[in-house]
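So the chains spell out like this:
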Amino acid sequence: MPNLQQRLAELREQINFHNYRYNVLDDPVISDAEYDRLMIELRQIEAAHPEWITPDSPTQRVGGQLSERFAKVTHPAPILSLANAFNGDDVRDWFTRTSKLFPADRQISFTVEPKIDGLTVVLHYREGVFIQGATRGDGRIGEDITPNLRTVKGVPLKIPVTQKKAKSKVAVPATFVVRGEAFITTQDFEAMNQQIEAKGGKTFANPRNAAAGFLRQLDSRVTASRPISLLCYAVVNADGTTPRSQWELLNYLREVGLPVTQAAKRFDSLDKAIAYCETWIDRRDEFLFEADGMVIKIDDLDLQAELGIVGKDPRGAIALKFPAREATTQLLNVGVNIGRTGIMAPYAILEPVNVGGVTIERATLHNFDDIARKDIRIGDRVIVKRSGDVIPYIAGPVVALRSGQEKTIEPPRNCPFCDTPTIRRAGEVAIYCPNRDCPGRLDRAVQFFVSKGAMDIDGLGEKIASRLIETGLVEDVADIYSITRDQLLELEGFAEKKADKLLQSIEASKERPLSRVIIASGIPHVGYVAAETLAKHFRSLDKFMQADEDELTQIDGIGTTIATSIVDWTHRKEHIDLIKKLRKSGITIVFDEDESPHSNEKLAGKTFVITGTLSKPRDEIAASIKSAGGKVIDSVSKKTDYVVVGETPGSKFARAQQLGITILDEAALSRLLRS
Ligand code: IVH
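Residues numbered from 1 in each chain as written. Predicted model: local features only at pLDDT ≥ 70, side-chain atom pairs only at ≥ 80, totals over all residues. Heavy atoms only, no water.

Enquirer: Quick one: what's the story with the sheet that holds strand 4 (residues 119–126), residue by residue and with numbers?
Expert: Taken together, the 4 strands give an open sheet; going across it, the order is 5-4-7-8, and neighbouring strands pair in antiparallel fashion. Looking along the sheet, the strands with just one partner apiece sit at the ends: strand 5 (129–135) and strand 8 (229–238). Each strand of the sheet is rotated relative to its neighbour by a mean of 30°, with strand direction disregarded. Summarising the sheet, strand 7 (residues 175–183) and strand 8 pair through 8 bridges and their orientation is antiparallel. Bridge assignment links F183 to a residue of strand 8, and that residue is S229. Together, strand 4 and strand 7 form the strand contacts of helix 6 (residues 207–215), whose direction differs from that of strand 4 by roughly 40°. (Pairing = 2+ DSSP bridges. Helix = DSSP H or I, 4+ residues; strand = E, 2+ residues; numbered from the N terminus. Axes fitted to C-alpha atoms, helices over the stretch in contact; angles between N-to-C directions. Contact = heavy atoms within 4.5 Å.)

Here is the structure:
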């Protein structure tokens, strides 16, 4: 089978290269998920052909050479890695294999912990004093990064840390070596990148790379200025007794003063342990750090030791990985979208790539400044990220894989829709098309105007909107109201029934309440919550159009950003004319009493916050809450009554949990509405 052997050699070579990039250079060129796939393929071939396994296969040894910059530290015991599982069945298979090695009637408990995506560190204590700290290196020999680790606040320089109130002091063995993970919290990471961005510097692609870079600094003052955290989870060596169960060990480490995760749990069955891991898949953003999975460990540490290792992985523990949120792929081209305000939004056209089960072909590139700062070029291999409820975006290029043929990306000098020269306003990063009649801009404005949460004109989809603009029938949104039946019938694809239906929905939209008209106007920063507040306050479009900034900022819930944006919009002649035109076309802009809650409604006085992706647009969900008298607000506070949570909720969900607010999923909300 020469082909399979060829593939085996190829895989080994590739994996060795990626180990080197990851372990030595701290600059991986593929994602963890892609690396895992290579390893799986290699393991599969070796499992089918054990005769081909060589001692230098990456499955048999820990990858990574050592950098020459640091002194070497021989670890007192091998710093092992972990085998990966990608679903519950993989974990069950692991345990079926493992349980053959001990008597069937042995009772097994499992301790489950988050798998922190950081950098392994080995901390040496002598008589309770921190004397040395090392990286993992190749698992046998690590690098001495003691001065850097001394600057990390989570590393106690002396243990046990005696607490004033503690009655008994927990002793630590004279020689005591612990293992932990050093990392940067997501929050610290984002703040740090924002600072770097503000100064125009190059941001870090992920917290792991940043943490690794800081810990392997030659100047420890640099490390000291960086927010590195630590969590410990194992004892590597001790010349005295330490607990013989992982669960008790974690408690012991915490008691002596070492930082330990709060999210660990012990279970008496594997299914319960797996179920616990699975509860974290959708909640992974609640960890303060980047977690790439959960680790399931046989709780009995003596049994773990008896089970030994296979390759570089202990048999007694396994990592259940979360679905990947990052992948690398090729940037084929850059497209430009235009917003209704004229902002040009660049997006990446990608070689399709699977990220955590979803195929991604487009990703946002934010703005042209961001592209320049990250130095993203067409033809680059780029890191695509997708997490929580954010749109997929490009974290950065993999510079090491450049061929030299890549093309830099220039902001368009002319609008791709109307060819008008683009402009950039002082102090703003965005590039605009200044042409108010730009068909690209109008297209978006019409789409927004007719959308469900705005004027809700059914039957006027994207294609029809574009056709109405192309044929000149619609030159501004108010023109929608003067389209005739004959004009529609002349358009391709319009039979009588379809035309009548559309005309009916246009007619019906004339009676939308004031808040909808405010939303439909598309004033930047005015979403549905603000629009309703404004409608309730002014109760008339004329009063709203005449309001000044002072009056606006006095309204509860309207800040200066919204107020400035409103005044800027309502004072422009073309907008005043547009509103006049809308009125003339017969739309009856009235304040609808339904816009304020009635006391006899079942949800009267109750406040709701919506987070995550739901099966219907948020506006629709909000409308159903409001029709039952409830109020929908943007941020969670102690006063919030309910938080409606969809898929991949963000920080609002975490906050709601912290505050103990009632959480509703969509089904529970429906029940509440029906009750
Ligand atoms: S246990 C025998 N527990 O994940 C001990 N590892 O992919 C084996 N990691 O190299 C490791 N969090 O650096 C363990 N709670 C945790 C962990 C953890 C992160 C890292 C560790 C290891 C890597 C394996």
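Enquirer: How would you summarise the side chain of R179 if you had to cite specific residues and measurements?
Expert: Note on placement: R179 falls in strand 7. Buried and without a salt bridge, R179 has E181 as its closest oppositely charged side chain, separated by 5.4 Å. A distance of 2.9 Å separates a polar atom in the side chain of R179 from the backbone oxygen of L80. Beyond its immediate stretch of four places on either side in the chain, R179 contacts I79, L80, T120, V121, C232, Y233, A234 and V236. (Buried < 20%, exposed > 50% of the residue type's maximum accessible area, 1.4 Å probe, protein only. Lys, Arg positive; Asp, Glu negative; His and termini not counted. Salt bridge = Lys/Arg side-chain N within 4 Å of Asp/Glu carboxyl O. Polar contact = N/O pair within 3.5 Å; in protein donor to acceptor, adjacent residues only side chain to side chain.)

Enquirer: Before we move on, could you go through the packing of aromatic side chains and cite the residues and values that matter?
Expert: Inspection of every chain in the model, using the stated rule, returns 14 aromatic pairs. Arranged with centres 6.2 Å apart and planes meeting at 50°, the rings of F95 and F102 form a pair that is tilted. Judged by its relative accessible area of 16%, F95 is buried. The exposure class assigned to F102 is buried, which follows from its relative accessible area of 9%. (Phe/Tyr/Trp six-rings, centres within 6.5 Å; stacked < 30°, edge-to-face > 60°.)

Enquirer: Quick one: what's the story with the state of the cysteines, residue by residue and with numbers?
Expert: With the rule as written, the count across this model stands at 0 disulfides. Left without a disulfide partner, C418 is nearest to the cysteine sulfur of C433, which lies 3.6 Å away. Judged by its relative accessible area of 22%, C418 falls in the partly exposed class. (Disulfide = S-S within 2.5 Å.)

Enquirer: Any chance you could break down the environment of V636 for me, citing the residues and the numbers?
Expert: Among the structural elements, V636 can be located in the loop between strand 22 (631–633) and strand 23 (642–645). On the accessibility criterion, V636 (8% relative accessible area) is buried. Between the alpha carbons of V636 and E143 there is a distance of 46 Å; along the sequence they are 493 residues apart.

Enquirer: Give me the lowdown on the pattern of salt bridges, citing residues and values where you can.
Expert: Charged atoms that come close allow side chains of opposite charge to pair. Under the criterion given, the structure shown has 35 salt bridges. Between R402 and D375 there is a salt bridge, and its shortest N-O distance comes to 3.2 Å. With R402 in the loop between strand 19 (393–397) and strand 20 (407–408) and D375 in the loop between helix 11 (368–374) and strand 17 (377–378), the pair connects residues that are 27 residues apart, well separated along the chain. A salt bridge links R572 to D568; its shortest N-O distance comes to 3.6 Å. Judged by its relative accessible area of 30%, R572 is partly exposed. Judged by relative accessible area, which is 44%, D568 ranks as partly exposed. Through salt bridges that share partners, D375, R377, D380 and R402 make up one connected network.

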